[in-house]
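Close look at the chain arrangement
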Amino acid sequence: MHLLITGAAGMLGRKFVERLIKEPELGGREVTRLTLVDLGTPEGFEAFSGTCEAQGVDLGEPGVADQLVAQRPDMIFHLAAVVSGEAEADFEKGYRVNLDSTRMLLEAVRAQDNYKPRFVFASSIAVYGAPFPDPIHDTHHLTPLTSYGTQKAIGELLLADYSRRGFLEGIGLRLPTLCIRPGKPNKAASSFFSGILREPLNGKEALLPVSEDVRHWHASPRAAVGFLVHAASLDLGRVGTACNLSMPGLCATVREQIEALDRVAGPEAVKLIRREPDPVVQKIVAGWPQCLDPQRALSLGFQAETTFDEIIRVYLEEEKGE
């Protein structure tokens, strides 16, 4: 089976490829070929037992999506995106990467005769905007309050329409904020959710730009990879025409995150968190969803962590070997 993975050099893309290297099977079929694309050439796939091609390309350039889809991959995992803070700061770039590239990829699929791949779209809970019910159900209307959320919401509508018209088998995954992200902070407004745990766990100071009362929806990168794997084999007849699903996660306040850090790593780690309010981040975060009702996804077999202690231990196991 041949997979096309966009955004393969990003954190989630890399972890998904690592999973495929260890277990090259999806939905009972062996993955024998990977096409990995991103703006920068993806790396770290050398151990893959099948054929792998990595390309540094811009999906927004005319003809690029057509060339990739002309290889007729069995499944397409569209993970490429400009993150929330960057999409808000650079309006044109956000729409070019998060919307135009998605449309070009969908159109490239439609242009192929007798071809209907599984298309897994990485969406976001940012498609929801305040005021919210508590919790937020899948059926709640989409009123995003950021450019990133708007771009993802449009992508969801396109995915649903192309699926309805029979051009592809689409499923959209509204991902929680992924925590704890390894590596360095990125330009996502949500970056601090990982930073206030990751940096202290590595003996470094972390900045907290929001109140400890801020509540949000989280899952680990490991859980997110599990979402992708499950979406590949799921019977979409069970999903129906509402093909965009809010993924399971954990509703927690920043204070509860810090309390979990204290339990797992002790008070010395907590002392490395420095409060430094940031009005820009505070404004963005104020419009984000806090607690979702993922019953629909849970009933379809998607799973995630249920405590922040678990999320921290996933990071320690995967990134620090503890």
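The following refers to the structure shown. (Residues numbered from 1 in each chain as written. Predicted model: local features only at pLDDT ≥ 70, side-chain atom pairs only at ≥ 80, totals over all residues. Heavy atoms only, no water.)

1. Re the overall build of the protein
We apply this condition: Under the scheme used here, helices are H or I runs from DSSP no shorter than 4 residues and strands are E runs no shorter than 2 residues, and both carry numbers assigned from the N terminus. Each radius of gyration is computed over the set of C-alpha atoms, and the globule rule expresses the reference value as 2.2 Å times the number of residues to the power 0.38. Categorising residues by exposure relies on relative accessible area from a 1.4 Å probe, with only protein chains included: less than 20% of the type maximum marks a residue as buried, more than 50% marks it as exposed, and the intermediate range marks it as partly exposed. Only heavy atoms enter the contact rule, under which two residues are in contact if any of them lie within 4.5 Å. Using the Shrake-Rupley algorithm and a 1.4 Å probe, accessible areas are obtained, with residue cover drawn only from the displayed protein chains. Residues scored as positive are Lys and Arg, those scored as negative are Asp and Glu, and His as well as the terminal groups of each chain are ignored. Where a charge lies is defined by one atom per residue type: Lys uses NZ, Arg uses CZ, Asp uses CG and Glu uses CD.
Tallying secondary structure elements over the protein gives twelve helices and 14 strands in all. The globule rule puts the C-alpha radius of gyration for 322 residues at 20 Å, and the 19 Å found for the protein is close to it. For the C-alpha atoms alone, the extent of the protein along its principal axes is close to 60 × 45 × 40 Å. Looking at the protein residue by residue over its 322 residues, the buried ones come to 54%. Long-range contacts, defined here as pairs at least 24 residues apart, represent 76% of the contacts in the protein between residues at least 6 apart. For the protein, the exposed surface amounts to about 13900 Å²; the carbon and sulfur share of it is 49%. Here the protein contributes 34 positively and 43 negatively charged side chains, and the mean placements of these two sets differ by 1 Å.

2. Topic: unusual backbone geometry
Backbone torsion omega between aspartate 134 and proline 135 reads 5 degrees, so that peptide bond is classified as cis. Structurally, the position occupied by proline 135 is in the loop between β7 (118-124) and α5 (147-164). With omega at 15 degrees, the peptide bond leading from cysteine 179 into isoleucine 180 counts as cis. Unlike most non-glycine residues, arginine 72 shows phi in positive territory, near 55 degrees. Counting through the fold element by element, arginine 72 comes out in the loop between α2 (64-69) and β6 (75-78). The phi angle at asparagine 114 is positive, at roughly 50 degrees, despite the residue not being glycine.

3. So, the sheet that holds strand β8 (residues 169-175)
Stated precisely, the cut-off is as follows: By the convention used here, strands pair only if DSSP detects at least 2 bridges between them. Here, axes are lines fitted to C-alpha atoms. For helices the fit covers the stretch in contact, and angles between N-to-C directions go from 0 to 180 degrees.
Taken together, seven strands build an open sheet; the order of strands is β5-β4-β1-β6-β7-β8-β12 and the sheet is parallel. Bordering the open sheet on either side are β5 (51-56) and β12 (244-246), each of which pairs with just one other strand. When the angles between neighbouring strand axes are averaged without regard to direction, this sheet yields 15 degrees. α5 contacts β7, β8 and β12 of the sheet and is inclined by roughly 155 degrees relative to β7.

4. A look at helix α10 (residues 279-286)
As a reminder, the rule being used: This arc describes the spread of directions from the helix axis toward the C-beta atoms. Polar contacts, as counted here, are pairs of nitrogen or oxygen atoms within 3.5 Å of one another; within protein the pair requires one atom able to donate a hydrogen and one able to accept it, and residues that are adjacent in sequence qualify only if both atoms are side-chain atoms.
Within α10, the full set of buried residues consists of Val281, Ile284 and Val285. Buried residues of α10, seen end-on, are gathered within an arc of 95 degrees and therefore sit on one face of the element. Among the exposed residues of α10, those oriented more than 90 degrees off its buried face are Pro279, Lys283 and Ala286. The opening residue of α10, the one whose side-chain oxygen lies 3.0 Å from the backbone nitrogen of valine 280, is aspartate 278.

5. Structural notes on the sheet that holds strand β13 (residues 250-253)
As summarised here, the arrangement of the three strands in space is β9-β11-β13, forming an open sheet in which the pairing is mixed. The open sheet terminates on both sides in strands that have one partner only, identified here as β9 (177-178) and β13. Where helix α8 (residues 254-265) meets the sheet, it contacts β11 (215-219) and β13, and its direction lies at approximately 90 degrees from that of β13.

6. Description of the pattern of salt bridges
For clarity, the cut-off: In the sections that follow, a salt bridge refers to a side-chain nitrogen of Lys or Arg positioned within 4 Å of a carboxyl oxygen of Asp or Glu.
Within this structure, the stated rule accounts for 24 salt bridges. Connected through salt bridges with shared partners, the residues Lys15, Arg222, Glu317, Glu318 and Glu319 form a single ionic network.

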